[in-house]
Amino acid sequence: MSHNILVIGSSNTDMVVQVPNLPAAGETILGGVFQQASGGKGANQAVAAKRCGGQVALLACVGDDSLGEAVLKAYQADGIDVSAVVVDPKAKSGVAIIMVNKDGENSIAVASGANDCLTVEHIEKNKALIEQAKVILFQLETPLPTIEKAIALAAAANKIIILNPAPAQALSDRLLSQISLLTPNETEASLLTGIAVCDATSAKKAAQCLLLKGVQQVIITMGELGVFYMDAKQAQMFPAFNVKATDSTAAGDTFNGALAAVLANQEEIFSCIHFAQAAAALSVQKSGAQPSIPCKQEVMDFLASRPLTS
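Residues numbered from 1 in each chain as written. Predicted model: local features only at pLDDT ≥ 70, side-chain atom pairs only at ≥ 80, totals over all residues. Heavy atoms only, no water.

### Considering the overall build of the protein chain
For step 1, the next point in the chain: From N to C terminus, the protein chain includes eleven helices and 14 strands.
For step 2, the next point in the chain: On C-alpha atoms alone, the protein chain measures out to a radius of gyration of 18 Å, which is about the 19 Å that the 2.2 N^0.38 rule sets for 310 residues.
For step 3, the next point in the chain: Its C-alpha atoms put the protein chain at 50 × 50 × 40 Å along the principal axes.
For step 4, the next point in the chain: Per-residue burial over the protein chain gives 52% buried out of 310 residues. (Helix = DSSP H or I, 4+ residues; strand = E, 2+ residues; numbered from the N terminus. Rg over C-alpha atoms; globule rule 2.2 N^0.38 Å. Buried < 20%, exposed > 50% of the residue type's maximum accessible area, 1.4 Å probe, protein only.)

Below, the structure is given as structure tokens:
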């Protein structure tokens, strides 16, 4: 199966419980609806990229168990090429335990399982997938040496490299210098730069710092404040769409996957950001990670009917 987007990253099964409030340490909260669905930042972004118009291949690792079998069937049903997904007979598939409160805020604990078994050898074995793709999308839920190897190969092949640096962790300047487009949220941008990001002014300072490290383009996602973009020539704040959030679990993943989809189709960067914001705005209005991710037509219809907030 041909692809223009390759996602290298994690695959989990999400176990989601709706709760009135996120529990404090030692507190038990009686929850409401329980939902189980495919998840993991890598797989979420692959699903978002596919639903938003990309031709997508996924390179990930799952366990040889019922959860791994179920998520592979789900990805195939979405039309994602999973031929390179590794099934590790000795590992358990990754699982995320998610609690979501009445305001759509969440608390997440992850048992990485097979995600920790994605190795440099798997990357080298699938070098052809990297060479065939136009856009390669990464996150940080798989081992960093594996990510570093894949990014090095992608950079050598002059691919568009998107890194969503989540979960937040320190990254070397060498790694950052190979990134085409870095997409941290406020917390991740703060960790990478030492600058507390809370508004457009601080976002600009953080983005300037990241550009000095060699990143070509920076997008800082800032929730209800919107999105800040900067490259060597221009900077722009994009206000958020005004929607009521039900569950923000996959908002960032939806943004990144949608962004990759339109970038792969050679859309102009500001149009890509606008589209990705709309996709994320739609996702927070539904529960669950992958069940909340919209298709391209839903995003287009939303853009036609909803203006940005002022």
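### A word on the packing of aromatic side chains
For step 1, the next point in the chain: For the coordinates displayed, the defined rule picks out three aromatic pairs.
For step 2, the next point in the chain: Ring centres of Phe241 and Phe302 lie 5.0 Å apart, and the angle between their planes is 70°; this geometry places the pair in the edge-to-face category. With Phe241 in the loop between strand 14 (235–238) and helix 9 (251–264) and Phe302 in helix 11 (residues 296–305), this residue pair connects regions lying 61 residues apart in the sequence. Each member of the pair, Phe241 together with Phe302, is buried.
For step 3, the next point in the chain: An aromatic cluster is defined as three or more aromatic residues linked by ring pairs; in this entry it consists of Tyr229, Phe238 and Phe270. (Phe/Tyr/Trp six-rings, centres within 6.5 Å; stacked < 30°, edge-to-face > 60°.)

### Focus: the sheet that holds strand 8 (residues 106–111)
For step 1, the next point in the chain: If you trace the four strands from one edge of the open sheet to the other, you get 3-2-7-8, paired in mixed fashion. Among the strands making up the open sheet, the edge pair consists of strand 3 (34–39) and strand 8. Strand-to-strand twist in this sheet, taken as the mean axis angle between neighbours without regard to direction, amounts to 20°.
For step 2, the next point in the chain: Strands in contact with helix 2 (residues 66–77) are strand 2 (12–18), strand 3 and strand 7 (94–100); relative to strand 3, the strand with the most contacts, it is inclined by about 70°. (Pairing = 2+ DSSP bridges. Axes fitted to C-alpha atoms, helices over the stretch in contact; angles between N-to-C directions. Contact = heavy atoms within 4.5 Å.)

### Thoughts on helix 10 (residues 269–283)
For step 1, the next point in the chain: Between its first and last C-alpha atoms helix 10 spans 21 Å; for 15 residues at 1.5 Å apiece the expected length is 21 Å, and the two agree.
For step 2, the next point in the chain: Counting buried positions along helix 10 yields twelve of 15 residues, so the element is predominantly enclosed.
For step 3, the next point in the chain: The set of residues buried in helix 10 consists of Ile269, Cys272, Ile273, Phe275, Ala276, Gln277, Ala278, Ala279, Ala280, Ala281, Leu282 and Ser283.
For step 4, the next point in the chain: Elements in contact with the buried residues of helix 10: strand 11 (181–182), strand 12 (217–221), strand 13 (227–231), strand 14, helix 9 and helix 11.
For step 5, the next point in the chain: Two or three places before Phe270, at the start of helix 10, stands the capping residue Glu268, its side-chain oxygen 3.0 Å from that residue's backbone nitrogen. (Expected span 1.5 Å × (residues − 1). Polar contact = N/O pair within 3.5 Å; in protein donor to acceptor, adjacent residues only side chain to side chain.)

### Concerning the environment of His274
For step 1, the next point in the chain: Mapped onto the elements, His274 comes out in helix 10.
For step 2, the next point in the chain: Sequence separation between His274 and Ala240 is 34 residues, and the spatial gap between their C-alpha atoms is 9.3 Å.

### Some remarks on the pairing of strand 1 (residues 5–8)
For step 1, the next point in the chain: Of the two faces of strand 1, both are covered, the one formed by Ile5 and Val7 as well as the one formed by Leu6 and Ile8.
For step 2, the next point in the chain: Of the strand pairs in this sheet, strand 1 and strand 4 (residues 56–59) are connected by four bridges, and their pairing is parallel. Residue pairing across strands places Leu6 opposite Ala57, the latter belonging to strand 4.
For step 3, the next point in the chain: Looking at chain direction, strand 1 and strand 9 (residues 135–138) are connected through four bridges and run parallel. Bridge pairing in strand 9 places Ile5 opposite Val135.

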